[in-house]
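Listed below are the residues making up each chain.
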Amino acid sequence: MQQPALVAVAHGSRDPRALHTALALLERVRELRPRLDVRLGHIELNRPLLGDTLRELRGEAVLVPLLLGRGYHVKRDLPAAAAAPHLRTAVAAPLGPHPLLVEALYERLAEAGWTPGTAVVLAAAGSRDPESAADTRHTAALLAERLGGVPVVPAYASAAAPTVPEAVRALAARGHHRPAVASYFTGPGRFAAQAAAAAPAVAAAPLGDHPALARLLLHRYDRACALPLGAARSAERPELLSA
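Rules of the game
- Residues numbered from 1 in each chain as written.
- Predicted model: local features only at pLDDT ≥ 70, side-chain atom pairs only at ≥ 80, totals over all residues.
- Heavy atoms only, no water.
- Helix = DSSP H or I, 4+ residues; strand = E, 2+ residues; numbered from the N terminus.
- Buried < 20%, exposed > 50% of the residue type's maximum accessible area, 1.4 Å probe, protein only.
- Polar contact = N/O pair within 3.5 Å; in protein donor to acceptor, adjacent residues only side chain to side chain.
- Contact = heavy atoms within 4.5 Å.
- Axes fitted to C-alpha atoms, helices over the stretch in contact; angles between N-to-C directions.
- Parallel < 35°, antiparallel > 145°, perpendicular 65-115°, else oblique.
- Left-handed = near helix turned anticlockwise from the far one by under 90°.
- Nonpolar A, V, L, I, M, F, W, Y, C, P; charged D, E, K, R; others polar.

Student: Honestly, the side chain of His210 in this entry has me stumped. Any pointers?
Tutor: Looking at where His210 falls in the secondary structure, it is placed in the loop between helix 7 (190–197) and helix 8 (211–225). Judged by relative accessible area, His210 falls into the buried class, the value being 6%. Polar side-chain contacts of His210 include one of 2.9 Å to the backbone nitrogen of Ala212. Beyond its immediate chain neighbours, meaning those up to four positions away, His210 contacts Leu25, Arg28, Ala104, Glu107 and Arg108.

Student: Where do I start with the packing of helix 4 (residues 99–112) against helix 5 (residues 130–146) in this structure?
Tutor: The description of two helices packed together rests on the angle between their axes and the distance between the axes. Where helix 4 contacts helix 5, the axes come no closer than 10 Å and their chain directions differ by 55°. Compared by their axis directions, helix 4 and helix 5 come out oblique. By crossing handedness, the relation of helix 4 to helix 5 is classed as right-handed. Note on element contacts: helix 5 touches helix 4 through Thr139, Leu142, Leu143 and Arg146, opposite Val102, Glu103, Leu105, Tyr106 and Leu109. Tallied by class, residues from the contact of helix 4 with helix 5 come to six nonpolar, one polar and two charged.

Student: What should I look at first to understand the packing of helix 1 (residues 16–32) against helix 8 in this one?
Tutor: Running from N to C, helix 1 and helix 8 cross one another at 65°; their axes reach a closest spacing of 9 Å. As helix 1 packs across helix 8, the resulting crossing turns out to be right-handed. Counted together, Leu25, Leu26, Arg28, Val29 and Leu32 of helix 1 and Pro211, Leu213, Ala214, Arg215, Leu217 and Leu218 of helix 8 form the full contact between these two elements.

Next up, the structure:
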């Protein structure tokens, strides 16, 4: 029996590097699961748009958001898009929070030159949805544990407080004068660039095509496949288990 297609859903960005990054990530997914039909769809700004990708499919599909927490796109846009009359669908949980994301954040910080004991600002996109902020705070707590107990303060590029500069100042007031900035973004773009520019010292690269993200995409897909598929059927809340 043919497996449902995996449709990775990216937000979209005017930064041309974002599309290349998403395509590179999906190549890693295909390497891990060669027989799986893996597609890409964007909510806005980039082609292929999600609606166009879904129109090309028949049978069954699982939409896996390349988004890091609960928010409007996960709760509203994706279920609406998944209600395609010619498909049986499921919407997987967002990528975060999850220990695989924490591992990717840790390795990106290490690549950028983070040293043990240095505090960290976890820079995220931000959302007005309180559950999205709760997911980011949970990731910050997991990252602090992974980094040996150093302070990790979540900060946001839009729609929520504190901003990255505000978080940097708050850490300086506590004696952490050169915190690193961890980029809690799946790819490059305006928000990631703004966060990096606000770093007083080390600024990590976005998560990008890190191998842990490819594993996490498949983990979310597999969990959604374990549920009965049907129009706009949503997967359960993200589980905090290793893949």
